[in-house]
Amino acid sequence: MDTKNTNTIERAPVVAIMGHIDHGKSTLLSYIRKSTEPLNEAGGITQHISAYEVEHKSPDGKKHNITFLDTPGHEAFCGIRKRGASVADVAILVVSAEDGVKPQTVEAMNSILESKTPYIVAINKIDKPGVNIERIKQSLVENQIYIEGYGGDIPFVLVSAKTGEGIPDLFDMIVLVGELQNLTGNRQKIGEGIVIESNRDTKKGISATCIIKDGTMKKGMFIASGIASSPIRIMENYLGKSMEEASFSSPVKIIGWDAMPEVGECFKVFETQKELREYIETEKTKKPTKINYVNAPTSANSIPVVVKADTGSSLEALVSEINKLQTDRMSAQVISSSIGNISENDVRLADGSTKAIIIGFNVKVDSPAKSLAERNEIEIKTFDIIYKMTEWLAETLQTRTPKVMTEEFLGEAKVLKVFSKTKDKQILGGRVDNGSIAVGSQVKIIRRDMEIGVGRVRELQQQKVKVSEVKEGKEFGSMIEAKIEILPGDYIKNFIVTEK
Ligand code: GDP
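On a predicted model such as this, the values are computed, not experimentally measured, just so you know.

1. Considering the overall build of the chain
Within the chain, the secondary structure is distributed over ten helices and 29 strands. Within the chain, the fraction of its 500 residues that count as buried is 51%. Residue pairs at least 24 apart in sequence account for 71% of intrachain contacts in the chain once pairs closer than 6 positions are excluded. Counting every atom, the chain has about 24,400 Å² of accessible surface; 49% of that belongs to carbon and sulfur.

Below you can see the structure in the form of structure tokens.
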């Protein structure tokens, strides 16, 4: 492959939107998506994948592409920074003009700083009556977010995700910040990038949304992320349209993976299956960087669980506790475990399995995740004490354990005489050959070693006295309810059925 600089060209910035809950991240993303997205042929309904591309015309008339990550949970953003790469080229820190800086604003900023991603502050909700922008700027400065004109050089824009005011300025700023980074890519190279979403669908199988950070991928090639791989056979753009090839900064959805690739993990593309296999072999020898049970198959007698926690150590403890919990007929199976708040991605992941649940530990549930979970009837439970989680999950396992009927053999009797039969009720005499016969229990009627029917013992008598049970060796009279006509010489096998 030619990797000479002549092939290196400008690349569109990939943008992540971060900030405190309720400050308007989702509203901003959906405004941008709606205001820029071309309608598809079906009449404007497009599938929801976790990134999209927009085209923006800057004041000088030049057209620029921008890719937005539509993942308010930021797993991709946070996950990858630990490995030294970053999916986003530019981050937007959304701060509500009503509330100012909040704990998650600081958390988001710390993530941004750690990943060394340049960022823009978007002061949102400026349409709200009575907002005091000056006060918000002060709160930014008090939290060491030194914006332009206030002792620092962090660009900021005033926006309203509701009315769209200021959004063109935000786009101009993204383009500018992107240009300052001199983002480039080489179309001649083989594609590589980051997985930002993965999904398991019972019908379609496993799909993953990937952001190409460099190079090109074409149909007929192969893609791998960790030990998960897929032929590039079904490749769609963010609108769900099939593509023959895709290049940098574009989000693509690849369908047909053999296992769930991990969100935030890098992917590589290969021209031949041989190269792919070699790569997978070397990946298999590597130690996993994160606890990952994503590929464990779920059986009918297990509850698939998506686990989210605040830190790596609590995640590890949680997964180990969950794995310990199982009865002989039911277990919990962790299908994914990662750090961060419960996001829409997690709900989609859970939605791919039947009756999956999401367990969060010391994390919050993003509001879009909450509404998606309600719509799709996915149960989300959050805890701050591990034993409360184990208690709850143990009970859930118990209630969801499928009931099994067990037959307990009580005894066997030979039918000696049949006195009468009215409808289903038959009066007969017999002798218990082994075990016992009890009132209320079920019987199997055996003729010449064949089961010919079933019935129930309604009454028992020993020497004309009503009894509830007759033991081995004793003769008895009995009223048995059965549809089959019982004959002398038949055997009745007595058993009780219990549900467990
Ligand atoms: P997120 O948790 O950061 O994704 O916040 P959301 O996008 O869910 O927004 C939280 C609430 O603020 C919702 O009720 C939005 O309608 C509202 N909101 C978001 N942006 C604006 C805005 O610019 N103006 C006004 N008036 N309301 C907004």
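Let's pick the thread back up.
2. Topic: the packing of helix 8 (residues 344-351) against helix 9 (residues 367-376)
Where helix 8 meets helix 9, the closest approach of the two axes is 8 Å, and the angle between their N-to-C directions is 20°. As summarised for this structure, helix 8 and helix 9 are arranged roughly parallel, according to the angle between their axes. Residues Glu344, Val347, Arg348 and Asp351 of helix 8 pack against Pro368, Ala369, Leu372, Ala373 and Asn376 of helix 9. Of the residues assigned to the contact of helix 8 with helix 9, the class counts are five nonpolar, one polar and three charged.

3. Re the site of the ligand
Around the ligand sit 16 residues, and of these Asp22, Lys25, Ser26, Thr27 and Asp127 come closest. The separation between an oxygen atom of the ligand and a polar side-chain atom of Lys25 is 2.9 Å. Between Thr27 and the ligand, the recorded distance is 2.4 Å, taken from a side-chain N or O atom to an oxygen atom. Surface burial for the ligand is 78%, taken as the share of its 580 Å² of free accessible area covered by protein chains. Residues belonging to the shell around the ligand are distributed by class as follows: two nonpolar, eight polar and six charged.

Reading the values: the criteria
Residues numbered from 1 in each chain as written. Predicted model: local features only at pLDDT ≥ 70, side-chain atom pairs only at ≥ 80, totals over all residues. Heavy atoms only, no water. Helix = DSSP H or I, 4+ residues; strand = E, 2+ residues; numbered from the N terminus. Buried < 20%, exposed > 50% of the residue type's maximum accessible area, 1.4 Å probe, protein only. Contact = heavy atoms within 4.5 Å. Areas by Shrake-Rupley, 256 points an atom, 1.4 Å probe, with all protein chains shown as cover. Axes fitted to C-alpha atoms, helices over the stretch in contact; angles between N-to-C directions. Parallel < 35°, antiparallel > 145°, perpendicular 65-115°, else oblique. Nonpolar A, V, L, I, M, F, W, Y, C, P; charged D, E, K, R; others polar. Near = heavy atom within 4 Å. Polar contact = N/O pair within 3.5 Å; in protein donor to acceptor, adjacent residues only side chain to side chain.

Keep in mind these values describe shape, not function.
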